[in-house]
Amino acid sequence: MKKLIFTLMFVLPIFYFAQEEKSKESPTAKECDLPKGFKEPIKNNRLKKFVAIDNRVDEKEVTIIRAQNGFGSGIYTVCVKRQPIQYQKMGTVFMREGKNPFNNAK
C-alpha cells in the first residue's frame, strides 16, 4: 500500500506538469491572415449580406475562407474584422453556428 501511495505521489504531478502550455493567441485567429492573392472558394452574395448585417459591418469587410456545400445545406467560415466565424445554411436560411433559433426562453 505504501508503494502505491508513494508511486502516485510522484506520477500524478509529472502528468500535471507535463501538459502542453497553450499559446495566448488563438490558432483560429491565424485563419484570417490571408495572402494578397487569396481567392474566395465561392461567390455567395446572400451569405455576405447576411453576415454583414449580423455583425454590423460593410459587405466588403466579409471574406469567405471556407465553404462546404451540401444538397440544401452547408457550413461556411467567414472572416469579419480578422475574426473567423462559422455560419450554417439550412435550406435557404443562414444562421451562426451554435445558435438555436428556436430557443425563445429568456
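Before reading further, recall that the structure is shown in the block above.
Given the structure is predicted, the values throughout are model-derived calculations rather than measurements. (Residues numbered from 1 in each chain as written. Predicted model: local features only at pLDDT ≥ 70, side-chain atom pairs only at ≥ 80, totals over all residues. Heavy atoms only, no water.)

### Brief notes about the packing of aromatic side chains
Taken as a whole and judged by the stated rule, the model has 3 aromatic pairs. Ring plane angle 90° and centroid distance 5.9 Å describe the contact between Phe 50 and Tyr 87, whose orientation is recorded as edge-to-face. Of the two residues, Phe 50 sits in helix 2 (residues 45-55) while Tyr 87 sits in strand 3 (residues 83-90), which places them 37 residues apart along the sequence. Overall, Phe 50 belongs to the partly exposed group, its relative accessible area being 32%. (Phe/Tyr/Trp six-rings, centres within 6.5 Å; stacked < 30°, edge-to-face > 60°. Helix = DSSP H or I, 4+ residues; strand = E, 2+ residues; numbered from the N terminus. Buried < 20%, exposed > 50% of the residue type's maximum accessible area, 1.4 Å probe, protein only.)

### Details of the state of the cysteines
In protein structure, a disulfide is the covalent linkage between the sulfur atoms of two cysteines. Overall, the coordinates contain 1 disulfide when judged by the stated rule. Linked covalently through their sulfurs, Cys 32 and Cys 79 form a disulfide whose S-S length is 2.0 Å. In this structure the cystine formed by Cys 32 and Cys 79 twists about its S-S bond by roughly -95°; its chirality is therefore left-handed. A residue pair is termed long-range when its members are at least 10 positions apart, and Cys 32 in the loop between helix 1 (2-17) and helix 2 and Cys 79 in strand 2 (residues 73-80) qualify at 47 residues. Overall, Cys 79 belongs to the buried group, its relative accessible area being 6%. (Disulfide = S-S within 2.5 Å.)

### Topic: a nonpolar patch on the surface
On the surface, a cluster of nonpolar side chains totalling about 1,100 Å² of accessible area is made up of Met 1, Leu 4, Ile 5, Phe 6, Leu 8, Met 9, Phe 10, Val 11, Leu 12 and Phe 15. With respect to the helices and strands, the residue Ile 5 is situated in helix 1. What makes Ile 5 partly exposed here is its relative accessible area of 45%. (Patch = residues over 30% accessible without salt bridge, like charges linked within 9 Å, V, L, I, M, F, W, Y side chains within 5 Å. Areas by Shrake-Rupley, 256 points an atom, 1.4 Å probe, with all protein chains shown as cover. Salt bridge = Lys/Arg side-chain N within 4 Å of Asp/Glu carboxyl O.)

### A few points about helix 2
The complete set of buried residues in helix 2 reads Leu 47, Lys 48, Val 51, Ala 52 and Asn 55. Summarising the axial view, the buried residues of helix 2 lie within an arc of 130°, below the 170-degree limit, and thus occupy one face. Of the exposed residues in helix 2, the ones pointing more than 90 degrees away from its buried face are Asn 45 and Ile 53. Those residues of helix 2 hidden inside the fold are in contact with strand 1 (62-69), strand 2, strand 3 and strand 4 (93-96). Where helix 2 begins, the side chain of Asn 44 points an oxygen toward the backbone nitrogen of Arg 46, at a separation of 3.3 Å. A positive backbone phi angle near 55° is found at Arg 56, which sits one or two residues after helix 2. (Arc of directions from axis to C-beta. Contact = heavy atoms within 4.5 Å. Polar contact = N/O pair within 3.5 Å; in protein donor to acceptor, adjacent residues only side chain to side chain.)

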